[in-house]
Amino acid sequence: MRDIKIGDMTETVIERGDFPPAKLRSILGQETVAVLGYGVQGRGQSLNMKDNGVKVIVGQREKTKSWDLAAQDGWVPGQTLFPLQEAAQRGTVIQYLLSDAGQKDFWPTLKPHLTAGKALYFSHGFSIVYSDQTAVVPPTDIDVILVAPKGSGTTVRRLFLEGKGINSSFAVHQDATGRARERALALGVAIGSGYLYETTFQKEVFSDLTGERGVLMGAIYGLWLAQYEVLREHGHSASEAFNETVEEATQSLYPLIAENGMDWMYANCSTTAQRGALDWFTRFRDAAKPVFEELYQKVVAGEETRRALESNSRPDYRQQLEKELKAVAESEMWRAGTAVRSLRPERK
């Protein structure tokens, strides 16, 4: 454990070293962790736990691409790979990693298997916080816990294989056994977290929904697209516009910011870039902050979750999603991106 102080605030974080292999075995040695859903998070977390010596089984719908992928990854049908309902019955910890819409749909089937003393684990607070929309209300005699990696499941797995660790938050919503906190922390380390910080289900989902619609995915793409379009409209080539908008950011500047911070980045660029960035960042902040406030209030009010559940539950959702993603892929900006990325020396 380590205390970090930021201004007048002190926060305690849990580090991977606080849960060495012997301690993980003492906490999780008698558990069977059933990972329901073999999507991006389910895949990364289950493989990491297995490599950390945890007894893991995977639950997935049969005759799906995810079932076939799990089998290819070494999960054995009838031994470590089961239909969802059977895996839920066998598990003492149920990692509920279906999509948010999938969690809502499967909940009536799952609930009878949540017998006294089990733990129900989430990596997103969605279903619990918006239970008025999902009807996910756990029995009172089980633990309800959360570990939310701050990255995709692909990154969770990649960093683990590199000997690194993902940052994760954790929370305890319900402690029926007196062991909920240690279960959450042990699982958090077992899935590959480098350190964990404490939150609540509500704070996790509010920050996550805001972040992914904001600077993590939605806002950053909107800003990139706006700058790209302005450069193109003023006669710059597609490759120049893409390099100045995306490639330099992702390949050079963002990694340096991740390593050293924005102040270091400002101090280690040209004086012209330095002056321009310092003069303009407040303009962008002032323009964007009302949009972020509107977004946050829509998240709190449940409007974003309602839209997500409604759209994800439509029979033609996959087909519509493929159309939207195809439109992005075929846009000039990302066709330029494909061409520019192909020129990286390591790809030749």
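Parameters and conventions
- Residues numbered from 1 in each chain as written.
- Predicted model: local features only at pLDDT ≥ 70, side-chain atom pairs only at ≥ 80, totals over all residues.
- Heavy atoms only, no water.
- Pairing = 2+ DSSP bridges.
- Helix = DSSP H or I, 4+ residues; strand = E, 2+ residues; numbered from the N terminus.
- Buried < 20%, exposed > 50% of the residue type's maximum accessible area, 1.4 Å probe, protein only.
- Arc of directions from axis to C-beta.
- Contact = heavy atoms within 4.5 Å.
- Polar contact = N/O pair within 3.5 Å; in protein donor to acceptor, adjacent residues only side chain to side chain.
- 1 Å grid on protein atoms, 1.4 Å probe; cavity = no way out; pocket = protein on both sides within 12 Å on 5 of 7 lines; lining within 4 Å.
- Points joined across faces, edges and corners; volume = space filled by probe spheres on them.
- Nonpolar A, V, L, I, M, F, W, Y, C, P; charged D, E, K, R; others polar.

Side note on the sheet that holds strand 7 (residues 119-122)
The strand order 1-2-10-9-8-7-6-3-4-5 describes an open sheet built from ten strands, whose pairing is mixed. The open sheet has two edge strands with one neighbour each: strand 1 (2-6) and strand 5 (81-82). Two elements, strand 1 and strand 2 (residues 9-15), share five bridges in a ladder whose sense is antiparallel. Bridged to Asp 3 within strand 2 is Thr 12.

Digging into helix 1 (residues 21-28)
Of the residues making up helix 1, those classed as buried are Leu 24, Ile 27 and Leu 28. The arc that holds the buried residues of helix 1, viewed along the axis, is 80°, so those residues lie on one side. For helix 1, the exposed residues lying more than 90 degrees away from the buried face are Arg 25 and Ser 26. In the core, the buried residues of helix 1 are packed alongside helix 9 (180-190).

Let's talk about the side chain of Glu 304
Position of Glu 304 among the secondary structure elements: in helix 15 (residues 303-312). Polar contacts involving the side chain of Glu 304 include one to the side chain of Arg 213, which spans 2.6 Å. Excluding anything up to four places from it in sequence, Glu 304 contacts Arg 213, Leu 295, Lys 298 and Val 299.

What about the layout of surface pockets?
One number sums up the size of the second largest pocket: a volume of about 1,600 Å³. Around the second largest pocket, the lining comprises 35 residues; the ones closest to its centre are Leu 223, Gln 227, Tyr 254, Phe 281 and Phe 284. At the level of secondary structure, the elements contributing two or more residues to the lining of the second largest pocket comprise helix 11 (218-233), helix 12 (238-260), helix 13 (262-267) and helix 14 (271-300). Among the elements that line the lining of the second largest pocket, the one with the most residues is helix 14, at 13 residues. Tallied by class, residues from the lining of the second largest pocket come to 25 nonpolar, five polar and five charged.

Description of the side chain of Thr 210
Structurally, Thr 210 is set in helix 10 (residues 201-213). Judged by relative accessible area, Thr 210 falls into the buried class, the value being 13%.

Interpretation in functional terms is not warranted from these geometric data alone.
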